[in-house]
Structure formats: C-alpha cells, structure tokens
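# Residue-level structure breakdown
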Amino acid sequence: HSGGANRHLFAPPLWPALLEWALILSGRAASSVMWVNVIVGCLMVPSVWWVGRAWFGPSAGLAAAALAAFSNVHTHYSRTALTDPLLCLLMLWGVYFAWRAVLSGLPSRLIAAGLFAALGWWTKYNGWLTLAISGSGIAAWLVFGPGPSREWRAALRWLVIAVIAVAAWTPVLIDLAAYGGYAAVAENHAGYFVGW
C-alpha cells in the first residue's frame, strides 16, 4: 500500500517514502523494495546484541544476537516489504535510548529517544508503543524500585521524551487532516476486527 489515495489508511509516510526512494535509486528495480528490510534485518542482529549486552551482560547479548540471526520469523519478515522489521528496530533503539536518557538526563539521549520513538510512529501507527513500553518500565521502577533509588526526575525525563516524540510526529497528524484526520485511520483499523 505504498501509493494511492488510501495510503494514509495503512501506513504513515516514512515506510512508503523509503520504498519509493529505493525504487528511484535502483532505477525502478522491483527487488530494491525487499533490500530495505534485508538491511534493516541485518541491523537488528548487532542491535539486539548491543542492547542485550548493555542490559543483561555479554552472554545475554550474544544469546540475543544468535536468536535474532537464526530466527525464521525474523528472516522471513526481513525479506518482505512490510513495515514490521523497521518498526521493531526503531522501537528497540527508542526503548534503549529512553533507558539511557532516564538514567543520565543527557539532552542528546533524551532527543535520541524521542526521535526514535517518533520515527517508529512515522513507520507504523502503533509506533507510539515505544513510549508505552519505556513509560511502563519507568513506572514499574518508580513503584517497585528500592527506596533511595526512586527518582521522580525519571518521570519528568520520560515526559520530555514523550513531548519530543509527539512534536516530531505532529506533521503526520497534521497531514492526516486532509483525509479526515486520525479518525479515518482509526475507523479503517477498526474494520480489521470482525467476529468474536
């Protein structure tokens, strides 16, 4: 659904634009649209190693990379022209940088976390889940973490990330106004759920 009058119902503009540029740069080679996710799928393997190592240690990082590299599902999706591989990569980076930003408070990490969340949202309409995942992790840390380490600054830092993400996603929302707004997208998505 990269083109046509109803493109906005199925995907925000980032993924269709990437596919269009792949076609343009390849001289309209049909296989070029598949290569976008092949590259994204290859980037996922070192990314899960990097994040797994940072969160759980070197062994976990290697195990995560091996699981990603040898996953049939990951391989299959990395050979499609679907939004899911790019969304997963951007969500991984968004959640990782949100963790780093909340711990450090560094503006560069706050901006990176917000922009990766926004890019995920520009890729697929459920890209906002990056904010939900990082926000719920921070909420659990605030509620269940050891007393002295509870810093309510963490919630404020996450709020900054959310504001950056929403601000960076706002052009998509504004663009949707010409097509009936996000309500038209939500109505289309509601049509996916039928029966019990």
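See the structure shown above.
Residues numbered from 1 in each chain as written. Predicted model: local features only at pLDDT ≥ 70, side-chain atom pairs only at ≥ 80, totals over all residues. Heavy atoms only, no water.

## Side note on the overall build of the chain
- Of the regular secondary structure elements, the chain holds 10 helices and zero strands.
- Secondary structure elements of the chain occur, N-terminal to C-terminal, as α-α-α-α-α-α-α-α-α-α.
- C-alpha atoms of the chain, sized along the principal axes, occupy 55 × 40 × 40 Å.
- Considering the chain as a whole, with its 196 residues, one finds that 38% of them fall into the buried category.
- A separation of at least 24 residues holds for 67% of the contacts in the chain among residues at least 6 apart in sequence.
- Summed over its atoms, the accessible surface of the chain is roughly 11100 Å², and 72% of this surface lies on carbon and sulfur atoms. (Helix = DSSP H or I, 4+ residues; strand = E, 2+ residues; numbered from the N terminus. Buried < 20%, exposed > 50% of the residue type's maximum accessible area, 1.4 Å probe, protein only. Contact = heavy atoms within 4.5 Å. Areas by Shrake-Rupley, 256 points an atom, 1.4 Å probe, with all protein chains shown as cover.)

## Here we look at the environment of R100
- Inspection of the secondary structure puts R100 in helix 6 (residues 84-104).
- Expressed as a C-alpha distance, the spacing of R100 and A113, which sit 13 residues apart in the sequence, is 8.5 Å.
- When residues no more than four places from it in sequence are discounted, the contact partners of R100 are G105 and R109.

## Some words on the nonpolar core
- Membership of the largest hydrophobic core comes to 39 residues, with the highest contact counts inside it found for L86, F97, F116, L131 and I161.
- Looking at this core, the elements that each hand over two or more residues are helix 2 (14-25), helix 3 (32-56), helix 6, helix 7 (107-123), helix 8 (129-144) and helix 9 (153-176).
- Per-element tally for this core: the top contributor is helix 6, with 10 residues.
- For I161, the residues in contact, after removing those within four places along its chain, are A98, A101, V102, L110, A113, G114 and L131. (Core = buried A, V, L, I, M, F, W, Y, C linked by side-chain atoms within 4.5 Å.)

## Examining the packing of aromatic side chains
- Per the stated rule, a full pass over the model turns up 12 aromatic pairs.
- Considering the side-chain rings of Y96 and W99, the 5.7 Å spacing of their centres and the 50 degrees angle between planes classify their relative orientation as tilted. Of this pair, Y96 and W99 both sit in helix 6, three residues apart, which is roughly one turn of the helix.
- Looking at Y96, the relative accessible area reads 6%, which means it is buried.
- Ring centres of W169 and Y182 lie 6.4 Å apart, and the angle between their planes is 75 degrees; on these two criteria the pair is classed as edge-to-face. Separated by 13 residues along the polypeptide, W169 in helix 9 and Y182 in helix 10 (residues 181-190) bring together distant segments of the chain.
- A residue is classified by how much of its surface remains accessible, and W169, at 6% relative accessible area, is buried.
- Exposure remark for Y182: the relative accessible area of 32% places this residue in the partly exposed category. (Phe/Tyr/Trp six-rings, centres within 6.5 Å; stacked < 30°, edge-to-face > 60°.)

## Some points on the side chain of T83
- Position of T83 among the secondary structure elements: in the loop between helix 5 (72-77) and helix 6.
- For T83, a relative accessible area of 12% gives the class buried.

## Focus on a nonpolar patch on the surface
- A cluster of nonpolar residues, F10, Y192 and F193, forms a patch on the protein surface that exposes about 370 Å² of accessible area.
- On the basis of relative accessibility, which here comes to 71%, the residue F193 falls in the exposed class. (Patch = residues over 30% accessible without salt bridge, like charges linked within 9 Å, V, L, I, M, F, W, Y side chains within 5 Å. Salt bridge = Lys/Arg side-chain N within 4 Å of Asp/Glu carboxyl O.)

## Brief notes about the packing of helix 6 against helix 8
- Close contact between helix 6 and helix 8 brings their axes to 9 Å; oriented N to C, the two are set at 35 degrees. As for how helix 6 packs across helix 8, the hand of that crossing is right-handed. Within the contact between the two elements, helix 6 uses M91, G94, V95, A98 and V102 and helix 8 uses L129, T130, I133, S134 and I138.
- Looking at the contact of helix 6 with helix 8 residue by residue, the class counts come to seven nonpolar, three polar and no charged. (Axes fitted to C-alpha atoms, helices over the stretch in contact; angles between N-to-C directions. Left-handed = near helix turned anticlockwise from the far one by under 90°. Nonpolar A, V, L, I, M, F, W, Y, C, P; charged D, E, K, R; others polar.)

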